[in-house]
Amino acid sequence: MTLAAVILAAGQGTRMKSSMPKVLHPVAGKPMALYALDAAGDLNAAPTVLVIGHGGDQVRTIISNSQLPTSNLQFIEQKEQRGTGHAVLQAREVLRDRADTVLVMYADMPLLQTTTLQKLAILHAQSRATITMLTVCADDSMGFGRVLRDSDFRVTGIVEEKDATAEQRAIRELNCGVYCFDAAWMWDHLAQLTPQGHKHEYYLTDLVALATRENKMIEALVLDDLSEVIGINTRVHLARAEKIMRDRINERWMDAGVTLIDPATTYIDADATIGMDTVIEPNTHIHGATRIGAQCRIGPNAIIRASDIGDACTIIASVIRESKLEEHVRVGPFADLRPGAHLARDVYVGNFGEVKNSYIGEATHIGHFSYIGDAELGAHVNIGAGTITCNYDGKKKSRTVIGARAFIGSDTMLVAPVEIGARAHTGAGSVVTKNVPPDSLAVGQPARVIRKFK
Ligand code: UD1
Ligand code: MG
């Protein structure tokens, strides 16, 4: 069997009521279209065609800039969104004769698991059916199309909820929107679809009735759990999918040896990773491609985005964005590490410490109420309470450099650009406008050197 995939992502997503294309709405921090593409990649479907249309440029950019390998991926535009059947038809020129089986799925189903797709593909290959579709039996219809069967329980068609009679609406078997098609048959018959409903859309689902009419075999893989196949059409569906995805991710990390004190208030994005024996306290948010090492204690009330946290770090009630922490770093409570903060091992940033675009050397302490921005601090520096790097003069940002083992007195204002030499001290409340040589004490406003140690 040679398998190609078509993933539909051109629809406007009207029911989301959003200016952003539906398929870019994130689930666990990752645009939902990427889940479908990941699944197709796991199945080795080649090529995979993503049909884009509404907000197509935005979709293309976000996907091209993601981590996803794109060598097998091709974008095709559906200029006018005239239904799912019309969308698949756009891929005909590219895919015809490239594969004998075409997997079609929609980009609004992020919870679908690769194993289910594999089962569907195997059933399709073994049964030699013309169409093999995924269905689910559920009491909550979620607006899905209903699967019609005849008295011999053979699938005969799919009726969309909005076009269904009251009797058809009572059917519990729903169309998930994932199908394997015999490629030659599908490419020949897509053009035979006729517009349906008040929007005159070409329904992909009508292929099932067409196949029935030609006495072709239609197989169905029937699921009994709706959670994997939620198709996101509204923000309510989005929140439901988010919750299921979050539980799935949390369970994965617990299985990998991470303690979650309260999974219900632990929010870990799909692309984050966490090391063994790390403990995550309640109300912790780990966003983006954050990496957290082993033996850490994170939270309660921590928000970490796109950061790299080394082993054995402790982070309490703090915000960390695009920062790097080496091992044994302690942060918080109430610290704010902004983009470009790099804390070497054994650093301590205590309450109301803010660090931005700065390197903080090994075992340096920034205990209380300090702002360190655009700075480079050596090892074993002590930053007294209330120290500020005055990095901005209203026009430009300037750097502050502090040498190893310097001792910065409480409430020191370091007016950048400025350099404090190794082992130098500043007195409490000093305003430092000039460089302070190593091994010296500077005090006053503005501070001047009054003594040399050596
Ligand atoms: C569709 C199915 C329905 C199924 C449900 C499962 C059809 C006609 N109906 O309904 O039977 O139960 O999915 O979730 O297929 N799209 C395009 N171009 C278009 C229209 C849609 O690319 O012209 C894309 C959308 O971006 C979306 C997908 O196709 O990713 C499905 O469209 P959507 O409007 O969500 O269909 P449903 O109403 O959910
Ligand atoms: Mg849908």
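Calculation notes
- Residues numbered from 1 in each chain as written.
- Chains lettered and ligands numbered in written order.
- Predicted model: local features only at pLDDT ≥ 70, side-chain atom pairs only at ≥ 80, totals over all residues.
- Heavy atoms only, no water.
- Helix = DSSP H or I, 4+ residues; strand = E, 2+ residues; numbered from the N terminus.
- Rg over C-alpha atoms; globule rule 2.2 N^0.38 Å.
- Contact = heavy atoms within 4.5 Å.
- Areas by Shrake-Rupley, 256 points an atom, 1.4 Å probe, with all protein chains shown as cover.
- Lys, Arg positive; Asp, Glu negative; His and termini not counted.
- Charge placed at Lys NZ, Arg CZ, Asp CG, Glu CD.
- Pairing = 2+ DSSP bridges.
- Donors = N, O, S within 2.8 Å, 3.2 Å for Na, K, Ca; no water.
- Near = heavy atom within 4 Å.
- Polar contact = N/O pair within 3.5 Å; in protein donor to acceptor, adjacent residues only side chain to side chain.
- Phe/Tyr/Trp six-rings, centres within 6.5 Å; stacked < 30°, edge-to-face > 60°.
- Buried < 20%, exposed > 50% of the residue type's maximum accessible area, 1.4 Å probe, protein only.
- Lys NZ or Arg CZ within 6 Å of the ring centre and 35° of its normal.
- Domains from an automatic or database assignment.
- Buried area = accessible area lost by both parts, 1.4 Å probe.
- Core = buried A, V, L, I, M, F, W, Y, C linked by side-chain atoms within 4.5 Å.
- Salt bridge = Lys/Arg side-chain N within 4 Å of Asp/Glu carboxyl O.

Draft legend 1. A look at the overall build of the chain. The number of helices and strands found in the chain is nine helices and 42 strands. Taking 454 residues into account, the globule formula puts the C-alpha radius of gyration at 22 Å, and the chain, at 29 Å, lies well above it. For the chain, the C-alpha atoms occupy an extent of roughly 100 × 40 × 40 Å along the three principal directions. Residue pairs in contact within the chain that sit at least 24 positions apart in sequence constitute 42% of those at least 6 positions apart. In the structure as shown, the chain presents an accessible area of about 20200 Å², 50% of it carried by carbon and sulfur atoms. Positive and negative charge centroids in the chain, built from 47 and 51 side chains respectively, lie 8 Å apart.

Draft legend 2. Structural context of the sheet that holds strand 18 (residues 297-298). In space, the twelve strands of this open sheet follow the order 12-15-18-21-24-27-30-33-36-39-41-42, with mixed pairing throughout. Across the chains shown, the open sheet's two edge strands, defined by having one partner strand only, are strand 12 (259-260) and strand 42 (447-452). Examined bridge by bridge, strand 24 (residues 330-331) and strand 27 (residues 348-349) share two bridges and lie parallel to one another. Residue pairing across strands places Arg 330 opposite Tyr 348, the latter belonging to strand 27.

Draft legend 3. Local environment of the coordination of the magnesium ion (ligand 2). Around the magnesium ion (ligand 2), the donor atoms from the protein are Asp 108 (OD) and Asn 233 (OD1), and they sit 2.2 to 2.4 Å away. Highlighted residues: Asp 108 in the loop between strand 6 (101-106) and helix 5 (114-127) and Asn 233 in the loop between strand 11 (218-223) and helix 9 (235-255), separated in sequence by 125 residues.

Draft legend 4. Focus on the site of ligand 1. Within the structure, ligand 1 sits among 23 residues, and Gly 11, Gln 78, Tyr 106, Glu 160 and Asn 175 are positioned closest to it. Within the backbone of Ala 10, a nitrogen or oxygen atom sits 2.9 Å from an oxygen atom of ligand 1. At 3.1 Å from an oxygen atom of ligand 1 is found a side-chain nitrogen or oxygen belonging to Arg 15. Against a free-state accessible area of 760 Å², the protein chains account for coverage of 92% of ligand 1.

Draft legend 5. Local environment of the packing of aromatic side chains. For the structure on display, the rule yields four aromatic pairs. An angle of 20 degrees between the planes, with centres 5.5 Å apart, marks the rings of Phe 334 and Phe 352 as stacked. One end of the pair, Phe 334, is in the loop between strand 24 and strand 25 (336-337); the other, Phe 352, is in the loop between strand 27 and strand 28 (353-356), and 18 residues separate them in sequence. On the basis of relative accessible area, Phe 334 is assigned to the partly exposed category, the value being 49%. Taking the centre distance of 5.6 Å and the plane angle of 5 degrees together, the rings of Phe 352 and Phe 369 count as stacked. Linking Phe 352 in the loop between strand 27 and strand 28 with Phe 369 in the loop between strand 30 (365-366) and strand 31 (370-373), this pair joins segments that are 17 residues apart in sequence. Of note, Arg 149 hangs over the ring of Phe 153, and the distance from its end group to the ring centre comes to 4.0 Å. One cation-aromatic arrangement involves Arg 330 over Tyr 348; the distance from NZ or CZ to the ring centre is 4.5 Å.

Draft legend 6. Region of interest: the domain arrangement of the chain. Taken domain by domain, the chain holds domain 1 (3-229) and domain 2 (235-452). Taken over C-alpha atoms, the centre of domain 1 sits 46 Å from the centre of domain 2. The partner domain 2 presents 14 residues to the 19 residues of domain 1 that form the contact. A combined buried area of about 1400 Å² lies between domain 1 and domain 2, and 59% of that area is made up of carbon and sulfur atoms.

Draft legend 7. The arrangement of the nonpolar core in detail. Residues Leu 50, Ile 63, Leu 103, Met 105, Leu 325 and Leu 343 are the most contacted members of the largest nonpolar core, which totals 100 residues. Looking at this core element by element, the count peaks at eight residues for helix 1 (residues 32-42). Per-domain counts for this core show at least three residues from each of domain 1 (3-229) and domain 2 (235-452). Contacts of Met 105, omitting those with residues within four sequence positions, involve Val 6, Ile 7, Leu 8, Ala 36, Ala 39, Ala 40, Leu 112, Leu 117, Gly 177 and Val 178. One finds Ala 4, Ala 87, Val 155 and Ala 211 within the second-largest nonpolar core, a separate group that totals 35 residues.

Draft legend 8. Expanded view of the sheet that holds strand 14 (residues 273-274). Strand order across the open sheet formed by nine strands is 14-17-20-23-26-29-32-35-38, with parallel pairing between neighbours. Here the strands that pair on one side only, and so sit at the sheet edges, are strand 14 and strand 38 (418-420).

Draft legend 9. Broad picture of the pattern of salt bridges. The final tally for this structure, using the stated rule, is 22 salt bridges. Across the pair Arg 154 and Asp 152 runs a salt bridge, and its minimum N-O distance is 3.5 Å. Exposure class is identical for Arg 154 and Asp 152. Each is exposed. One salt bridge connects Asp 439 with Lys 454, and the closest N-O pair in it is separated by 3.8 Å. Of this pair, Asp 439 sits in the loop between strand 40 (431-432) and strand 41 (440-444) while Lys 454 is found in the segment after strand 42, placing the two residues 15 residues apart along the sequence.

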